[in-house]
Amino acid sequence: MAVQKILRMGDARLLRVAEPIREFNSPVLDRLIQDMFDTMAALDGAGLAAPQIGVNQRLVIFGIESNPRYPDVEPVPTTVLINPEIEILSDEMDEAWEGCLSVPGLRGLVPRYTRLRYRGYDQTGRRFEREVHGFHARVVQHECDHLDGILYPRRIRDLTQFGFEEDLFPEQGAE
């Protein structure tokens, strides 16, 4: 398969609302998903949304076991999530640093809900749901935002908490 080019902030295609997927378990969908996993792995991402590679469909992937970009987070199961729906389970929010493959070299302190349930389909069209919290919930919200044309800088409350990684975290060196 192939590593795809990531669209960067400023590209109008990242601002669109993605279209639902209607055909499951197809060679085209399987190839897209494989390309997304190859791209995410090559760039040490925790997740990737189809719009980030220029495909305007409601598809996200995510998963993390160990990742140099996120050394201190709990594992998140490898997941293909198509046509997702999110239900917030608590008003409690947490602020944490986020980055994005479409906003390279930058990080921002982003508030996210701490507990949610998400539903959607896998690549075969099987419906599933999970109740999650913590980093898993953060990743789902971040990736699903891409499907609605939202990049994480729009969620930052205090822009003094947004900047280049090497300036925000000089002790960690450039990522």
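You'll find the structure just up there.
Remember, it's a predicted structure, so these values are computed and weren't measured experimentally.

Caption draft 1: Structural view of the sheet that holds strand 8 (residues 162-164). Taken in spatial order, the 3 strands of this open sheet run 4-5-8, and their pairing is antiparallel. Strands at the two margins of the open sheet, each flanked by one partner only, are strand 4 (93-100) and strand 8. Neighbour-to-neighbour, the strand axes of this sheet turn through a mean angle of 20°, independent of strand direction. Across 3 bridges, the pairing between strand 5 (residues 103-113) and strand 8 is antiparallel. Within strand 8, the position partnered with Gly108 by the bridge is Phe162.

Caption draft 2: Expanded view of the nonpolar core. Within the largest apolar cluster, 18 residues are counted, with the highest numbers of intra-cluster contacts made by Val60, Phe62, Leu81, Leu116, Tyr118 and Val140. Of all elements in the fold, only strand 2 (59-64), strand 3 (76-88), strand 6 (115-121), strand 7 (127-133) and helix 2 (134-147) reach the threshold of two or more residues within this core. Examining the composition of this core, we find that 6 residues originate from one element, helix 2, more than from any other. Ignoring anything within four residues of it in the chain, the contact list for Leu116 reads Ile86, Glu87, Ile88, Leu89, Arg130, Glu131, Val132, Ala137, Val140 and Gln141. Counting residues in each nonpolar core, the second largest holds 16 residues, with Ile6, Ile33, Ala50 and Val80 among its members.

Caption draft 3: Seen up close, helix 2. With 14 residues, helix 2 extends 21 Å between its outermost C-alpha atoms, agreeing within 8% with the 20 Å of an ideal straight helix rising 1.5 Å per residue. Across the 14 residues of helix 2, 13 count as buried, placing the element largely inside the fold. One or two positions beyond helix 2, positive phi appears at Gly149, with a value near 75°.

Caption draft 4: Structural context of the pairing of strand 3. Bridge analysis of strand 2 against strand 3 gives 5 bridges, and the strand direction is antiparallel. Opposite Ile64, over in strand 3, you have Val76 as the bridge partner.

Caption draft 5: Representation of the sheet that holds strand 2 in the model. Here 5 strands make up an open sheet; going across it, the order is 1-2-3-6-7 and the pairing antiparallel. Bordering the open sheet on either side are strand 1 (47-49) and strand 7, each of which pairs with just one other strand. When the angles between neighbouring strand axes are averaged without regard to direction, this sheet yields 40°. When strand 6 meets strand 7, the two strands line up antiparallel, connected through 7 bridges. Paired with Tyr121 across the bridge in strand 7 is Arg127. Across the sheet, helix 1 (residues 27-42) touches strand 1, strand 2 and strand 3, and the angle it forms with strand 2 is around 40°.

Caption draft 6: Layout of the pattern of salt bridges. Per the stated rule, a full pass over the model turns up 16 salt bridges. In this structure, Arg127 engages Glu85 in a salt bridge whose closest nitrogen and oxygen atoms are separated by 3.4 Å. Taken together, the residues Arg127 in strand 7 and Glu85 in strand 3 connect sequence positions 42 residues apart. Residue classification places Glu85 among the partly exposed positions, given a relative accessible area of 38%. Among the ionic pairs, Glu98 bridges to Arg112, the shortest N-O distance being 2.9 Å. Note that Glu98 is positioned in strand 4 and Arg112 in strand 5, a separation of 14 residues in sequence. With respect to class, Glu98 is no different from Arg112; both count as buried. Taken together, the shared-partner salt bridges connect Glu87, Arg115, Arg117, Arg119, Glu129 and Glu131 into one network.

Criteria and cut-off values
Residues numbered from 1 in each chain as written. Predicted model: local features only at pLDDT ≥ 70, side-chain atom pairs only at ≥ 80, totals over all residues. Heavy atoms only, no water. Pairing = 2+ DSSP bridges. Helix = DSSP H or I, 4+ residues; strand = E, 2+ residues; numbered from the N terminus. Axes fitted to C-alpha atoms, helices over the stretch in contact; angles between N-to-C directions. Core = buried A, V, L, I, M, F, W, Y, C linked by side-chain atoms within 4.5 Å. Buried < 20%, exposed > 50% of the residue type's maximum accessible area, 1.4 Å probe, protein only. Contact = heavy atoms within 4.5 Å. Expected span 1.5 Å × (residues − 1). Salt bridge = Lys/Arg side-chain N within 4 Å of Asp/Glu carboxyl O.

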